Amino acid sequence: MHDTEVFQQILGLRSPWTVAEVKLDLEAGQLDIHVEHADGEKFCCPECDRQLACYDHVSERRWRHLDTMQYRTILHAKPPRVKCPEHGVKQVNLPWAEKNSRFTVFFERFAIDVLLATQTVQGAAGILRTSWDETWHIVKKAVARGNARKTDTVVQRIGIDKKAFRKGQNYITLIYDLDRSTVEVISDGNDTEAGNACFSQLSQSQRDGVEAIAMDMSAAYVKAANASIPLAETKIVHDRSHVMKLATEAVDKVRRGEHRKLDTEGDKRLSRTRNLWLSSQENLSEHQRERFDAVYTQQLETGKAWAYKEKLRDLWHHDDSASATVYFRDWCKRVIHTKLTPLKKVAKTIAERLANVVSYCTHRITNAVADGMNSKIMSIKRRVGGYRNRENFKTAVYFYCGGLNLYPH
C-alpha cells in the first residue's frame, strides 16, 4: 500500500477528496500532506446544498492536524468555490475543518481536551506546540460554538452572584444553574443594571420557567429579579451562608468591643480567641474546643452573642416556612432585649427580608454551587496570573464552567 493510500485511510477522506502527495521533512520535523480532488467534481453550495460544478479555487491553505508520531502534520489544499444562482460565489465546506479554521476538526477536539485537562492556555500550548494566540483562538471558537448550540432549556433553580474580575470594585455578575453546576450567563458589574443584563440573556420561556433563585441580600439583585422573573418575590431565597456570615461578623464585633474593654482592665481572657468564635464547633480541634469551653463558661457578652448565633442556625432545619417564621420571631424577640447591638442590627436586617430567608424551607436551595464555582474560577485565574482583558476572562469562565458543547462536529 502506498503512503498516499495509508494517509487517505488514516484521515478518513472520501470521494471526491484524495491524498495526492506526502512529504516528510526530517530536519524540520514536519509531515506535509497534500489533498486534492479530481477534475469535473461537483460540490454543494454551503448555503443551500445545491449541487454545482466547481467555479474556481482559492489559493492553497494549510491546516494543522494531529501529529504523526513525533512529526508536526500539516494538510495542504486549494479549497474549491461554487457559483450559486441564489447565493453567488461561495467557498465549499471542507470535510476536515470548519470554516475559517486553520486546524483540522480532529486537532481542535484534541486541543479542547488538553485545555480542559491542563486548565491553562499556556500549559496546553506547550503540549500542543501552538502559540498562545493560536490556542486562545481555539478557546474562543469553542465558546462561540457552544453558546450558539444552547437551547431555551428551562433552568428551574438558579443562583445569581458576583465575582471580582480584578482588585477593587471591579466585578462581573453570573447566573448559575444550581442543578447542573454551570455558569449560564455573565454581565459586567454587580448592580441592578448588571442583574438586569444577566436576566435579559435568558429567553422569556426560561425566565417564566424559573422556580427558585438563590442570592445574597443584595437589594440590587432583588430589584433585578423582581423586574425580570414572574412572581420573583415568592421565588427568591436569600442564601443561608450569607445570613450566617452576617451573624458571625456580628459576634466578632461584640468580641472586639468586649476585648477592648477588658484589656483596659488588664483582663486578657479574649486575647487570641477570634478563630474560636468564628469557626463552627465541628471544625475545632480538641485543644481548641477545650479552650473555647473554658472561655465560654465565664458568661461573657461574646459567649452570649455566639450562643444566639448558633441558635440562628436551627432556622434552616424547619420543615416549612411558617414554623421557621415562628422560630425566628422568638429568636429575634430575645436578641432585641439584649445589649448585643451588632446582633440586634442583624436581627432587624433579617426581619426585613424574612419571607425570602425562610423561603429556603420551601425551595431548599443555597448558593453553594456559586461558592464552589467561584473557587474554580479563582483557581483558573491564579494559574494564568489573572486576566487583564474582561472579555477574555468571561470567555474562560464559559469555557471551563459553562457546561457547553465545545467540540466541532
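Structure: above.
For every chain, the first residue of the written sequence is number 1, and numbering continues from 1 onward in sequence order. In view of the model being predicted, local features appear only for residues whose pLDDT reaches at least 70, and side-chain atom pairs are presented and counted only at 80 or more, with totals across whole chains, interfaces and linings using the full set of residues. Excluding hydrogens and water, the side-chain figures rest on all heavy atoms present in the structure.

## Examining the overall build of the chain
- When you go through the chain residue by residue, the secondary structure sums to 17 helices and 13 strands.
- Seen through its C-alpha atoms, the chain measures out along the principal axes to roughly 95 × 50 × 35 Å.
- Relative accessibility under 20% of the residue-type maximum defines a buried residue, over 50% an exposed one, and the middle range a partly exposed one, all with a 1.4 Å probe and only protein chains included. Expressed as a percentage of the 409 residues in the chain, the buried residues total 47%.
- In this analysis, two residues are considered to be in contact whenever any of their non-hydrogen atoms come within 4.5 Å of each other. A separation of at least 24 residues holds for 59% of the contacts in the chain among residues at least 6 apart in sequence.
- Total accessible area computed for the chain in this model is approximately 21400 Å², and 48% of it derives from carbon and sulfur atoms.
- Charge centroids of the chain, computed over 63 positive and 52 negative side chains, lie 6 Å from each other. The numbering of helices and of strands both runs from the N terminus, where a helix is a DSSP run of H or I of at least 4 residues and a strand a run of E of at least 2. A 1.4 Å probe and the Shrake-Rupley method give the accessible areas. Residues count as covered only by the protein chains that appear here. For the purpose of charge, His is not counted, nor are the chain termini; Lys and Arg are scored as positive and Asp and Glu as negative. Positions of charges follow a simple convention, taking NZ of Lys, CZ of Arg, CG of Asp or CD of Glu.

## So, the environment of Trp-132
- Relative to the helices and strands, Trp-132 is located in helix α4 (residues 132-149).
- Trp-132 sits in the partly exposed class, given a relative accessible area of 37%.
- Once the C-alpha coordinates of Trp-132 and Thr-338 are considered, the two residues, 206 residues apart in sequence, prove to be 61 Å apart.
- Contact partners of Trp-132, with chain neighbours within four places excluded, come to Val-121 and Gln-122.

## With respect to the packing of aromatic side chains
- Paired rings are identified among Phe, Tyr and Trp, the last through its six-membered ring, by centres lying within 6.5 Å, and are further divided according to the angle between planes into stacked (under 30 degrees), edge-to-face (over 60) and tilted (the rest). Inspection of every chain in the model, using the stated rule, returns 12 aromatic pairs.
- With centroids separated by 5.6 Å and ring planes inclined at 10°, the aromatic side chains of Phe-292 and Tyr-296 adopt a geometry described as stacked. Taken as a pair, Phe-292 and Tyr-296 lie in helix α10 (residues 286-296) at a separation of 4 residues, close to a single helical turn.
- Overall, the relative accessible area of 2% leaves Phe-292 in the buried class.
- The structure contains a cluster of three or more aromatic residues connected by ring pairs, namely Trp-17, Phe-43, Trp-63 and Trp-96.
- Counted as over-ring charges are cases with an Arg CZ or a Lys NZ within 6 Å of the ring centre that also lie within 35 degrees of the ring normal. The residue whose ring lies beneath Lys-162 is Tyr-171, and the NZ or CZ to ring-centre distance is 5.9 Å.

## Focus: the sheet that holds strand β10 (residues 170-177)
- In space, the 5 strands of this open sheet follow the order β11-β10-β9-β12-β13, with mixed pairing throughout. The strands lining the two open edges of the sheet, one partner per strand, are β11 (182-188) and β13 (236-238). The mean inter-strand angle of the sheet, taken between neighbouring strand axes irrespective of direction, is 30°.
- One requirement defines pairing of two strands: DSSP has to find at least two bridges between them. In this sheet, β11 lies alongside β10 in antiparallel orientation, the contact comprising 6 bridges. Opposite Asp-177, over in β11, you have Thr-182 as the bridge partner. For helices, the fitted axis covers only the stretch in contact; all axes are lines through C-alpha atoms, and the angles between them, taken along N-to-C directions, range from 0 to 180 degrees.

## Quick look at the nonpolar core
- For this analysis, a nonpolar core means a set of buried residues of the types Ala, Val, Leu, Ile, Met, Phe, Trp, Tyr and Cys, connected via side-chain atoms within 4.5 Å. Among the nonpolar cores identified, the biggest contains 94 residues, and Phe-199, Ile-213, Leu-312 and Phe-399 are the most heavily contacted of them.
- Filtering out sequence-adjacent residues up to four positions away, Ile-213 remains in contact with Ile-158, Ile-160, Ala-225, Ile-229, Lys-235, Ile-236, Val-237 and Ile-365.
- Ranked by size, the runner-up nonpolar core spans 22 residues in total, among them Val-35, Phe-43, Leu-52 and Leu-94.

## Concerning the pairing of strand β2 (residues 30-37)
- Most of β2 sits inside the fold, with 7 of its 8 residues counted as buried.
- Here strand β1 (residues 17-25) pairs with β2 via 8 bridges, running antiparallel. Counted as the bridge partner of Leu-24 is Leu-31 from β2.
- In this structure, the hairpin formed by β1 and β2 is closed by a connection of 4 residues, where Gly-29 is found at a positive phi of approximately 65°.
- Sheet topology places β2 next to strand β6 (residues 71-77); 5 bridges connect them, and they run parallel.

## Here we look at the side chain of Asn-374
- Tracing the backbone shows Asn-374 in helix α16 (residues 368-384).
- Judged by its relative accessible area of 14%, Asn-374 falls in the buried class.
- Pairing of N or O atoms within 3.5 Å defines a polar contact, subject to two protein rules: one partner must be a possible hydrogen donor and the other a possible acceptor, and residues neighboring in sequence count only if both atoms are side-chain atoms. A polar atom in the side chain of Asn-374 sits 3.4 Å from the side chain of Asp-161.

## Looking at unusual backbone geometry
- Residue Pro-16 follows Ser-15 across a cis peptide bond; omega there is 15°.
- As for its position among the elements, Pro-16 is in the loop between α1 (3-11) and β1.
- Despite not being glycine, Arg-129 has its phi angle at roughly 60°, a positive value.
- A positive phi is found at Arg-272, a non-glycine position, where the angle reads about 55°.
- Within the fold, Arg-272 resides in the loop between α8 (240-264) and α9 (274-278).
- What makes Arg-272 exposed here is its relative accessible area of 79%.

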